Amino acid sequence: MFIDEIKVLARAGHGGKGCVAFHREAYVTKGGPSGGNGGRGGDVILIADHDLNNLINQFYVPRLIADDGHPGMGKGMDGPAGKDLIIRVPCGTLVWRIGQAIDRNAEVEETEETGDGKKITVSSAKRPVIRTANRAKALEINLETEPVEDPVARIREKGELVCDLTENGQQFILCKGGRGGLGNRNFATSVRQAPRFAQPGEYGTEGEFLFELRMVAEVGLVGYPNAGKSTLLAAISHARPKIAAYPFTTLTPQVGILEYPDFFRLTVCDVPGLIAGAHNNVGLGHAFLRHIARCKYLVILLDMAGTDNRAPWDDYRSLLQELELYDPALLEKPRLVVANKIDEPAAEANLKQFKRKVRKVPVLPISAAFGEGIAEFRRQIREAVEAP
Ligand SMILES: Nc1nc2c(ncn2[C@@H]2O[C@H](COP(=O)(O)OP(=O)(O)OP(=O)(O)O)[C@@H](O)[C@H]2O)c(=O)[nH]1
Ligand SMILES: [Mg+2]
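Since the structure is predicted, the reported quantities are computational estimates derived from the model, not experimental observations.

The helix and strand tally for the chain stands at seven helices and 16 strands. Split into buried and exposed, the 388 residues of the chain put 40% on the buried side. The long-range share in the chain, meaning contacts at least 24 apart out of those at least 6 apart in sequence, stands at 73%.

Structural data, given as structure tokens:
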């Protein structure tokens, strides 16, 4: 299973409470306060890991809850800190906050609107986490008037980007553990020598987050199903994606690494086929296009042989249109148009017609299956990626 978007609940540990205790020892009368401090709560820490390629771990464990700090003890012993919860995520993970940040420590009275129009006054220390039904309201999204195919995506548009983990080993503290409370020995003064109170621990921060994976690759391959994207990736890199003569062979994005004789390396991302109407969820939809959003350079791969009675020039236009519908910024990226399957008999005539119909667009003819034009293709993408 390939998971590239998942909602999680994260909560750091509560600080341990301080202890109320008094020193007891034979022949020591009124030994004084000796309650230890509570330990701090554990943090929830994210670490980017290049050995992972999807968010499957969070699919199985979507509640990231760190340990609470332990309470202080008598004889001046401090409680141990709660263990940090370390979560490994693949490189390229973006974290979005859903709803507002909650600070349970600040005790402020606030009026808050519930989903059904009523106003309630709540103390923020006891404020409940706003649940999904009310979240759209809180973010001023009107679910009735605004057509929403994917509410999570819409919420993300208005949500706050918390962090973007791209480098292997990069760390981020998603939720900070609460401070432990002070024990009663901290409150002894000359006039109050036996304080019978201690501090409670503080709350850790918490929240609901959306983890989104966007592959980190320099070049993205876009094309209709069966255009030969996976064949091309296999021809230029050591990646061995599945290749077959039926549409939607590739169901999940794949990243391949290209190596050049001078040890220069380049990453290429192969995504499932895109078809006209993908924005209406035709085919596999176009949610997987998020994986090419980070690419520096796009390769539009066309099936010049026109298999399945398709015309390459129509394919070209609808691909550009789908890219624009997904995100207009994708069209601003530099791109290369590649005509594949040039070995087929129909390709020559189609290429001529393509050049006539789509003017001023340089096309690189290749045959991914037979290795024709591959060296030139490798050279061109390297040049484009190295360009400032
Ligand atoms: N004749 C010829 N056939 C090719 C060429 N490149 C790919 N093919 C064939 O086209 C078919 C589809 O290739 P894939 O690489 O699986 O296509 P894809 O674009 O990855 O397809 P999806 O993963 O389904 O989107 C396979 O049967 C390949 O053998 C080529 O240059 N020439
Ligand atoms: Mg494929």
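Pairing is mixed across the open sheet formed by three strands, whose spatial order is β4-β2-β9. The two strands at the open ends of the sheet, each matched to only one other strand, are β4 (85-90) and β9 (171-175). Mean inter-strand twist for the sheet, computed between neighbouring axes without regard to direction, equals 30 degrees. Here strand β2 (residues 44-49) runs beside β4; their pairing, made up of six bridges, is parallel. Following the sheet pairing, L46 is matched in β4 by I87.

What follows concerns unusual backbone geometry. The residue N226 is not glycine, and still its phi comes out positive at about 70 degrees. Tracing the backbone through its elements, the reader meets N226 in the loop between β11 (219-223) and α4 (229-236). N226 sits in the buried class, given 21 other C-beta atoms within 10 Å. Phi at K360 takes a positive value of approximately 60 degrees, unusual for a residue other than glycine. Mapped onto the secondary structure, K360 falls in the loop between α6 (347-357) and β16 (363-365). Of the residues examined, K360 has 5 C-beta atoms within 10 Å and is grouped as exposed.

Per-residue pLDDT for the chain averages 86, and the proportion of residues at 70 or more is 87%. Taken as a whole, residues 123-133 scores under 50 in pLDDT and shows 17 contacts with residues more than four places along the chain or in a different chain.

Another point: the pairing of strand β15 (residues 335-340). Bridging between strand β14 (residues 297-303) and β15 involves six bridges; their strand directions are parallel. From the neighbouring strand, L302 faces β15, where its bridge partner is A339. Of the strand pairs in this sheet, β15 and β16 are connected by three bridges, and their pairing is parallel. When the bridges of β16 are listed, V337 appears paired with V363. Assessed by its sense of winding, the connection that carries the chain from β15 through α6 to β16 is right-handed.

Right, let's get into the nonpolar core. Soluble globular proteins tend to bury their nonpolar side chains together. Membership of the largest hydrophobic core comes to 71 residues, with the highest contact counts inside it found for V44, L221, V222, V268, V299, I300 and L301. Sort the elements by how many residues they give to this core and β14 lands first, with six residues. Discounting chain neighbours no more than four positions away, the residues touching V44 are A10, A12, L64, A66, L85, I87, L174 and C175.

It is worth spelling out the pairing of strand β12 (residues 254-259) at this point. Going residue by residue along β12, you find Q254, G256 and L258 tucked away on one face and V255, I257 and E259 left uncovered on the opposite face. The pairing of β12 with strand β13 (residues 265-270) spans six bridges and is antiparallel. Of the residues in β13, the one forming a bridge with G256 is V268. Here β12 folds back onto β13 in antiparallel fashion, the turn holding five residues, of which F263 has a positive phi close to 70 degrees.

Quick look at the environment of I300 now. Along the chain, the position of I300 falls in strand β14. Taking the number of C-beta atoms within 10 Å as the measure of exposure, I300 has 22 and is therefore buried. For the pair formed by I300 and G223, sequence separation is 77 residues and the distance between their alpha carbons is 5.8 Å. Sequence-distant contacts of I300, that is, excluding residues within four places in its chain, are made with V222, G223, Y316, L319, R335, V337 and V338.

Right, let's get into the sheet that holds β14. A sheet is described by the order of its strands in space; here six strands give the open sequence β12-β13-β11-β14-β15-β16, paired in mixed fashion. Pairing within the sheet leaves two strands with one partner each, and these edge strands are β12 and β16. On average, each strand axis in the sheet is tilted by 30 degrees relative to the strand beside it, whichever way the strands run. Packing against the sheet, helix α5 (residues 312-326) makes contact with β11, β14 and β15, and its axis sits at approximately 145 degrees to β14.

With that settled, the discussion passes to the site of ligand 1. The environment of ligand 1 is made up of 24 residues, and the closest members are G228, S230, A245, T250 and G273. Looking at the shell around ligand 1 element by element, the count peaks at three residues for α4. In terms of residue class, the shell around ligand 1 is built from ten nonpolar, ten polar and four charged.

Buried within α6 are the following residues: A347, N350 and F354. The arc enclosing the buried residues of α6, seen along the axis, measures out at 60 degrees, which places them on a common side. Looking at α6, the residues exposed on the side facing more than 90 degrees away from the buried face are A349, K352 and R356. Close packing links the buried residues of α6 with α5, β15 and β16.

Cut-offs applied
- Residues numbered from 1 in each chain as written.
- Chains lettered and ligands numbered in written order.
- Predicted model: local features only at pLDDT ≥ 70, side-chain atom pairs only at ≥ 80, totals over all residues.
- Helix = DSSP H or I, 4+ residues; strand = E, 2+ residues; numbered from the N terminus.
- Buried ≥ 20, exposed ≤ 12 C-beta atoms within 10 Å, placed from the backbone.
- Contact = placed C-beta atoms within 7 Å.
- Pairing = 2+ DSSP bridges.
- Axes fitted to C-alpha atoms, helices over the stretch in contact; angles between N-to-C directions.
- pLDDT = per-residue confidence, 0-100.
- Right-handed = clockwise from strand over helix to strand, strands pointing away.
- Core = buried A, V, L, I, M, F, W, Y, C linked by C-beta atoms within 7 Å.
- Near = placed C-beta within 6 Å.
- Nonpolar A, V, L, I, M, F, W, Y, C, P; charged D, E, K, R; others polar.
- Arc of directions from axis to C-beta.

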